[in-house]
Amino acid sequence: MSELPDTPAKESQPLTSEPILRIASGFLAAKQLFVANEVGLFDALSRGPATLNELATQLHLPARTLRIVADALVALGIIERRDKTYAHSAVSYAFLSGSGSDDLRPFLRFWNRLSYPNWMHYEQAIRGETPRIRTPQEWTDEESRIFSEGVEAITASTARALAESYDFHPHVRLIDVGGGTGSFLVTILERYSQLECTLFELPSVLAVAQQKLSRTPFTHKITLMPGDFLQVPLPPGHDVILMANVIHLLAPDNIRHLLRRARQAVPMGARLLLVDFWTDATHTSPTFAALMAGEFLLVSREGDVYSVEEITQWLQETGWKLNEHRPLAGPASLVVAEAC
Ligand SMILES: C[S@@+](CC[C@H](N)C(=O)[O-])C[C@H]1O[C@@H](n2cnc3c(N)ncnc32)[C@H](O)[C@@H]1O
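Residues numbered from 1 in each chain as written. Predicted model: local features only at pLDDT ≥ 70, side-chain atom pairs only at ≥ 80, totals over all residues.

> Is there a simple way to explain the overall build of the chain in this structure?
Within the chain, the regular secondary structure consists of 14 helices and 10 strands. Across its three principal directions, the C-alpha atoms of the chain cover 70 × 65 × 40 Å. With 340 residues in all, the chain has 34% of them scored as buried. Partitioning the intrachain contacts of the chain with sequence separation of at least 6 by distance along the chain shows that 67% fall at a separation of at least 24. (Helix = DSSP H or I, 4+ residues; strand = E, 2+ residues; numbered from the N terminus. Buried ≥ 20, exposed ≤ 12 C-beta atoms within 10 Å, placed from the backbone. Contact = placed C-beta atoms within 7 Å.)

Here it is as structure tokens:
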């Protein structure tokens with residue numbers, strides 16, 4: 001029998017089902033991580049290494065079931081076990097202990113409580129049907145807080161990268177549109193205290209922001225302005241506009257609408273900073289961005305990830321010109337545009 005012409009012989013690398021099984025079991029790993037966080041395993045380990053029975057007593061959980069989740073996390077390399085004692089690994093200490101460089105526990109809570117249930121309706125969304133999930137406008141105050149604190153946690157490294165890599169010295173008044181809890185503004189103000197800032201957000205999110213900002217030294221530097229950026233004009237008087245992780249919530253028509261609104265609010269030469277998961281022209285790289293497109297579709301019902309080529313075109317159509325595209329942290333990058 002003759003060989004198929006396009007089938008190269010790969011004798012040294014036999015095909016295995018491992019890539020498929022690894023991806024298919026991803027939801028098991030994710031849920032183990034989420035539940036460990038919910039039951040307080042990482043907090044308990046922050047009090048010091050402990051045996052299963054000690055952890056079970058602290059957390060008021062059956063030792064038998066706690067062992068299942070704890071050992072799964074050992075197997076996944078998130079925590080460590082030496083003989084009978086469980087302990088933080090370097091990575092869980094850094095990101096899940098509350099004492100490390102970042103705290104991703106609010107982000108895990110957000111994905112467990114809000115995203116994970118939403119993904120039960122992903123097939124419906126892909127079939128073009130309206131998924132039977134509540135929109136952010138329908139969330140309880142508690143859910144809004146979980147969302148905002150989760151987003152703040154996962155975007156903290158991006159906010160730091162923006163403050164480190166973009167020079168805000170020439171700017172005087174900065175508005176953060178869809179700025180969540182104000183965490184980007186606080187991070188930027190730590191370096192650029194000359195700035196006067198405005199946080200433009202939905203009223204429910206501003207309530208969370210107000211509480212958080214009152215615990216920072218920057219309350220007097222940040223004016224809170226409630227509003228829906230699709231319904232009302234953006235306030236004038238700013239020379240730099242930040243939109244971080246906002247464009248991906250919108251469909252192209254609403255993106256153009258918002259970019260036009262932004263252009264009408266600023267003088268010629270003002271800058272627009274678009275922080276997002278900008279992709280290559282094929283929408284397949286970065287990989288994380290390609291996966292997140294589904295999350296954005298679900299959370300706002302119209303979201304997606306977009307390429308640098310697409311945003312460049314929409315900027316041109318709405319009175320902006322692209323100045324540059326540069327990396328920030330991980331899959332997040334920055335598009336800088338200038339009002340022309
Ligand atoms: C993914 S979060 C990003 C928050 C913040 N910029 C960050 O990157 O951490 C998107 C934010 O946009 C806000 N938002 C969504 N639609 C909005 C609208 N129509 N008007 C004002 N804000 C809106 C949401 O409340 C949410 O806080």
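> Quick question: what am I supposed to make of the site of the ligand here?
Near the ligand lie 19 residues; those nearest to it are T155, G178, G180, A244 and N245. Of all the secondary structure elements, the ones that give two or more residues to the shell around the ligand are helix 9 (141-165) and helix 10 (183-191). For the shell around the ligand, the leading source of residues is helix 9, giving four residues. (Near = placed C-beta within 6 Å.)

> Whenever I open this one, the pairing of strand 7 (residues 240-244) confuses me. Can you help?
Each regular strand shows side chains that alternate between the opposite faces of the sheet. Among the five residues in strand 7, five count as buried, and that is most of the element. The alternating pattern of strand 7 places V240, L242 and A244 and I241 and M243 on opposite faces, both of which are buried. Pairing of strand 4 (residues 173-177) with strand 7 involves three bridges; the strand directions are parallel. Its bridge partner being in strand 7, I175 is matched across the sheet by I241. Across five bridges, strand 7 lies against strand 8 (residues 271-276) in parallel orientation. Across the sheet, residue I241 finds its bridge partner in strand 8, namely L272. (Pairing = 2+ DSSP bridges.)

> What am I meant to see in the sheet that holds strand 6 (residues 222-226) here?
The pairing of strands in a sheet comes from backbone hydrogen bonds and takes either a parallel or an antiparallel form. In space, the seven strands of this open sheet follow the order 6-5-4-7-8-10-9, with mixed pairing throughout. Because the sheet does not close on itself, it has two edges, and the strands there are strand 6 and strand 9 (320-327). With direction set aside, neighbouring strand axes in the sheet form an average angle of 20°. Where strand 9 meets strand 10 (residues 333-339), seven bridges bridge the pair, whose relative direction is antiparallel. Across the sheet, H325 pairs through a bridge with V335, a residue of strand 10. (Axes fitted to C-alpha atoms, helices over the stretch in contact; angles between N-to-C directions.)

> What is the right way to read the packing of helix 12 (residues 252-264) against helix 14 (residues 308-317) from this model?
In helix packing, the relevant descriptors are the interaxial angle and the interaxial distance, both defined with respect to the helix axes. Direction vectors running N to C along helix 12 and helix 14 enclose 45°, while the axes themselves pass 9 Å from each other. Classed by the angle they form, the pair helix 12 and helix 14 counts as oblique. Seen from above, helix 12 lies across helix 14 with right-handed handedness. Contacts between helix 12 and helix 14 involve P252, I255, R256 and L259 from the first element and W314, L315 and E317 from the second. By residue class, the composition of the contact of helix 12 with helix 14 is five nonpolar, no polar and two charged. (Parallel < 35°, antiparallel > 145°, perpendicular 65-115°, else oblique. Left-handed = near helix turned anticlockwise from the far one by under 90°. Nonpolar A, V, L, I, M, F, W, Y, C, P; charged D, E, K, R; others polar.)

> Any chance you could explain the domain arrangement of the chain here in plain terms?
As a measure of interface size, the accessible area lost when the parts come together is often cited. Taken domain by domain, the chain holds domain 1 (18-102) and domain 2 (134-339). Between the C-alpha centres of domain 1 and domain 2 there is a distance of 33 Å. (Domains from an automatic or database assignment.)

> Looking at this model, I keep getting lost on the confidence of the model for the chain. Mind explaining?
Interpreting fine coordinate detail is not advised for predicted regions of low pLDDT. Mean pLDDT for the chain: 95, with 97% of residues reaching 70 or above. Within the model, the stretch residues 1-5 combines pLDDT values under 50 with zero contacts to residues more than four positions away or in other chains. (pLDDT = per-residue confidence, 0-100.)

> How do you make sense of the nonpolar core when you look at a structure like this?
Judged by nonpolar contacts, the single largest core of 61 residues is most densely connected at V177, I241, L242, L273 and L274. With sequence-adjacent residues up to four places away left out, L274 is seen in contact with M243, I247, I311, V335 and A337. (Core = buried A, V, L, I, M, F, W, Y, C linked by C-beta atoms within 7 Å.)

> Would you mind going over the environment of I255 with me for this structure?
When you line up the elements, I255 lands in helix 12. Separated by 178 residues in the primary sequence, I255 and G77 place their C-alpha atoms 41 Å from one another. When near neighbours in sequence (up to four residues on either side) are disregarded, I255 contacts I247, L250 and W314.

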